[in-house]
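Now for the letters of each chain:
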Amino acid sequence: MTVLGPLAWPPAPVKTERLVLRESEARDRAAFIELFSSPEVHTYLGGARPRDALEHALPEIPGRRPGLFVIDLDGAMIGMVTLDRRDAERPGHLRADGGEAELGYTFLPQAWGRGYAAEACAAALDWFADACPGEPVVLCTQTANVRSLRLAGKLGFTEVERFEEFGAEQWFGVWSSIAPSG
């Protein structure tokens, strides 16, 4: 299920100071394989997938679906940002029926530590706030993933709860484009 419902996808590319958030293209396939097979990237995401299995399984244009932005730096994919509906069966929700918009992101290790994730995620959140005014966005990450927790704080997510899932403590937070009153 996607966050975008009746919205047209893909949107026009979203440009930031250094990056372009765009739809996946055939030239991104090697970067998707690198991203999905990287043990570093998947330390907190259930482990890397075997490269040879990815070579056979990934379509010619991987990641072409509503809610997935390729993050492009100088014409090359360095990561991806996703906006999907949170599965109602999983723990962590704002509403009883679930289905909140959930932000996800993964970046190639060579792109870490340069502020690209913060820049790309902020742009995706701004795009989402324009596309779906007033709808909150949630984020879930392992508490052991210090980089992801730091990014969540930088983006303005606030903690809602913590719970156990996938054999680890999870941090669940919310972001809203609506300024709190008070």
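Residues numbered from 1 in each chain as written. Predicted model: local features only at pLDDT ≥ 70, side-chain atom pairs only at ≥ 80, totals over all residues. Heavy atoms only, no water.

Visitor: I would appreciate a short explanation of the environment of Ala48 in the present structure.
Guide: With respect to the secondary-structure elements, Ala48 resides in the loop between α1 (29-37) and α2 (51-57). A residue is classified by how much of its surface remains accessible, and Ala48, at 34% relative accessible area, is partly exposed. With 32 residues separating them in the primary sequence, Ala48 and Met80 have C-alpha atoms 16 Å apart. Apart from the residues within four sequence positions on either side, Ala48 is in contact with Phe36, Ser37, Ser38, Pro39 and His42. (Helix = DSSP H or I, 4+ residues; strand = E, 2+ residues; numbered from the N terminus. Buried < 20%, exposed > 50% of the residue type's maximum accessible area, 1.4 Å probe, protein only. Contact = heavy atoms within 4.5 Å.)

Visitor: For this particular structure, what's the right way to read the layout of surface pockets?
Guide: To find leftover empty space, a probe the size of one water molecule is rolled over the atoms. The space that makes up the largest pocket amounts to roughly 1400 Å³. As for the largest pocket, its lining consists of 40 residues, of which Leu45, Tyr105, Thr106, Asn145 and Ser148 are closest to the centre. If you list the elements that add at least two residues to the lining of the largest pocket, you get β4 (76-85), β5 (101-107), α3 (116-131), β6 (137-142) and α4 (146-155). For the lining of the largest pocket, the class distribution of residues is 18 nonpolar, 13 polar and nine charged. (1 Å grid on protein atoms, 1.4 Å probe; cavity = no way out; pocket = protein on both sides within 12 Å on 5 of 7 lines; lining within 4 Å. Points joined across faces, edges and corners; volume = space filled by probe spheres on them. Nonpolar A, V, L, I, M, F, W, Y, C, P; charged D, E, K, R; others polar.)

Visitor: Looking at this structure, how should I read the side chain of Thr143?
Guide: Positionally, Thr143 belongs in the loop between β6 and α4. A distance of 2.9 Å separates a polar atom in the side chain of Thr143 from a polar atom in the side chain of Glu169. Among residues more than four places away in sequence, those in contact with Thr143 are Leu149, Arg162, Glu169, Gln170 and Trp171. (Polar contact = N/O pair within 3.5 Å; in protein donor to acceptor, adjacent residues only side chain to side chain.)

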